[in-house]
Each structure stands twice: as structure tokens, then as C-alpha cells.
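Notes for the structure review
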Amino acid sequence: GINAEYGGDADGIITKAVGDLHVSRDDLVSTIPNFIGRQLQVPPSISAIKVDGKRAYHRVRRDNEEFVLPPREIEIDGIDLLSLDENTNEFQLRVVCGKGTYIRSLARDIGRQLGCLGHLSGLRRTRVGQWSVDDAITLDQLDNSDDPFQFVRPMSDPALRSAMTVLSFGDDEIHRHLLLGKQKTLPCDPALPATLRDALLLHQSSGKHIGLIDLIQNSEYMTLVPRKMFPQ
């Protein structure tokens, strides 16, 4: 394995390398569970995280700075070992994780715990929430289509709606507030989860689409955060 500086992938600068250290399937199977659940993870320095108002990758690439970002809390729901080449120590994982998780950091940390060091050689995102790559349209399909808009799915599509969390409020003042791009704080609703991302907001009486919002709440209050509001 190789540990690549900054980015944690094959484009980074190699700072450490080990010799012929063999990694077995048993090694991986016993190590992977250590990275499942809530944990603190140090993001790679080449990332979009802001440091004193500037993106970290700008500080590394343009300003030649060296630094370590503070750890952030992440959550990994599951990791499956898909394949392992014991001749090259290359292995493939399927990771189900929450927002903010850096797979480059995960590869780095697994390598360190195995003692062989490591970096990410490839990454493919197969699902975001309810949206799967199996439902995606290729660029070739778009380029070769006489009517690319045929691939657009309206918000009224039942399959699309069923894959989304739908919220509705009877107070038009809430809608007006969110349409102006402002957050709205309300009393908490125990029937709703602590966090919702990209929930579809509907007008309660007309069923008209208002926009996409995030919801964050504690035991007292919930905050509605506008993400993408639709022209009315």
C-alpha cells in the first residue's frame, strides 16, 4: 500500500511507502468493523472545507500550505468487502455513509490501521438518498436524443414523489418566509425526525410545489432551511 500526501488518492505526493506487507482477507474482515458507526474523521487537506475563509484545496495548491484539518463527526452505516487482490493489496468496498464522510480519508485510515498504509484508487457514487445510479441517464443518451427533455421527470410523477419526504404547512406566512430564502423556526413536531434533507414542501390547500427544504429540530424547536425554492 501507499500513503499519498494531502489528497489521499493516487494523484497525491507519495510520502510513505512500505515493502512487501501482505494483507489477507481475514485482516480486512477484522479491521473494517472498526470504521462502522459514528466516529471522528480527519478530512483530507485537499477538500472544499473552508479554512479562515478560503477553501482548503486553494491553500494547499496555490499557497503551498501544509496543515491538518480538525476532525469532524461522521457516520458510516455499513461497509462490505467486495473483492481483494492479495497480490497487489488492492481491495474494493461498498460503503453506506452519511453526509460529510470522505472516502479518501477512510482508505487512508484503513491502510494505517492495517499497517500497510493506503490510498484511494477509484470512487463511484452509486446512490444518494433514494436516487440510484440504476435510474440515471448517461451522457451518450442525452447527446444522441432528439428530445432530451423526455428524460425529465416532473415533480408530479408518483414514483418521484414516493421517493421523497413531503411536508405541508397550512400557514402561508411560512411559505412566504421560505420563498424569500429565509429560515423559519417553529415549535418542534415529535412526529417528524430530527433531520430531513431535501424534503418537498407542498402548499397544503392547493398541493402546489413550493420548493425543497431541510428540517432540523431538537426537543423544543424545528428550523426550516430553504434549499431550492421554485418560482411561484
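Below or above, wherever it landed, is the structure these notes cover. (Residues numbered from 1 in each chain as written. Predicted model: local features only at pLDDT ≥ 70, side-chain atom pairs only at ≥ 80, totals over all residues. Heavy atoms only, no water.)

**Here we look at the sheet that holds strand 3 (residues 37-41)**
The sheet built from 3 strands is open, its strands ordered 3-6-7 with antiparallel pairing. The open sheet has two free edges, formed respectively by strand 3 and strand 7 (90-97), since each of these has just one partner strand. On average, each strand axis in the sheet is inclined to that of its neighbour by 60°, with strand direction left out of account. One ladder, built from 5 bridges, connects strand 3 with strand 6 (residues 72-85); its direction is antiparallel. If you follow G37 over to strand 6, its bridge partner there is I76. Contacts from helix 3 (residues 103-114) reach strand 3, strand 6 and strand 7 within the one sheet, and its direction differs from that of strand 7 by about 130°. (Pairing = 2+ DSSP bridges. Helix = DSSP H or I, 4+ residues; strand = E, 2+ residues; numbered from the N terminus. Axes fitted to C-alpha atoms, helices over the stretch in contact; angles between N-to-C directions. Contact = heavy atoms within 4.5 Å.)

**Quick word on the pairing of strand 6**
Regular strands have side chains that alternate between both faces of the sheet. With 8 bridges joining them, strand 6 and strand 7 adopt antiparallel strand pairing. Considered in strand 7, the bridge of L81 is made with L93.

**Some remarks on unusual backbone geometry**
Note on backbone geometry: most residues besides glycine have negative phi, and most peptide bonds are trans. One non-glycine residue, N64, lies in the positive phi region at around 55°. Tracing the chain through its elements places N64 in the loop between helix 2 (56-61) and strand 6. Residue classification places N64 among the exposed positions, given a relative accessible area of 62%. Positive phi values are uncommon outside glycine, yet N89 reaches one of about 65°. Of note, N89 is situated in the loop between strand 6 and strand 7. (Buried < 20%, exposed > 50% of the residue type's maximum accessible area, 1.4 Å probe, protein only.)

**Quick notes on the sheet that holds strand 10 (residues 166-169)**
With mixed pairing, 5 strands are arranged side by side in an open sheet as 10-12-13-14-11. The two strands at the open ends of the sheet, each matched to only one other strand, are strand 10 and strand 11 (184-187). Here the average twist between neighbouring strands, direction ignored, is 40°. Bridging between strand 13 (residues 209-217) and strand 14 (residues 221-229) involves 7 bridges; their strand directions are antiparallel. Looking across to strand 14, one finds that G211 is bridged to M229.

**Overview of the environment of C97**
If you trace the backbone, C97 turns up in strand 7. Accessibility expressed as a relative area gives 32% for C97, which makes it partly exposed. Distance from C97 to E75, taken between C-alpha atoms, is 6.0 Å for residues 22 residues apart in sequence. Those residues in contact with C97, other than ones at most four positions away along the chain, are E75, I76, D77 and I103.

**Things to note about the pattern of salt bridges**
Inspection of the entire model under this criterion finds 9 salt bridges. In this structure, R197 engages D214 in a salt bridge whose closest nitrogen and oxygen atoms are separated by 3.3 Å. Here D214 lies in strand 13 and R197 lies in strand 12 (residues 195-203), a separation of 17 residues in the sequence. Taking the shortest distance from any N to any O, the salt bridge between R227 and D198 comes out at 3.5 Å. Here D198 lies in strand 12 and R227 lies in strand 14, a separation of 29 residues in the sequence. Through salt bridges with shared partners, one network takes in R197, D198, D214 and R227. (Salt bridge = Lys/Arg side-chain N within 4 Å of Asp/Glu carboxyl O.)

**Describing the pairing of strand 10**
Across the two faces of strand 10 the burial differs, with L167 and F169 buried and V166 and S168 not buried at all. Pairing of strand 10 with strand 12, which is carried by 4 bridges, proceeds in the parallel orientation. Residue pairing for strand 12: V166 is matched across the bridge by L200.

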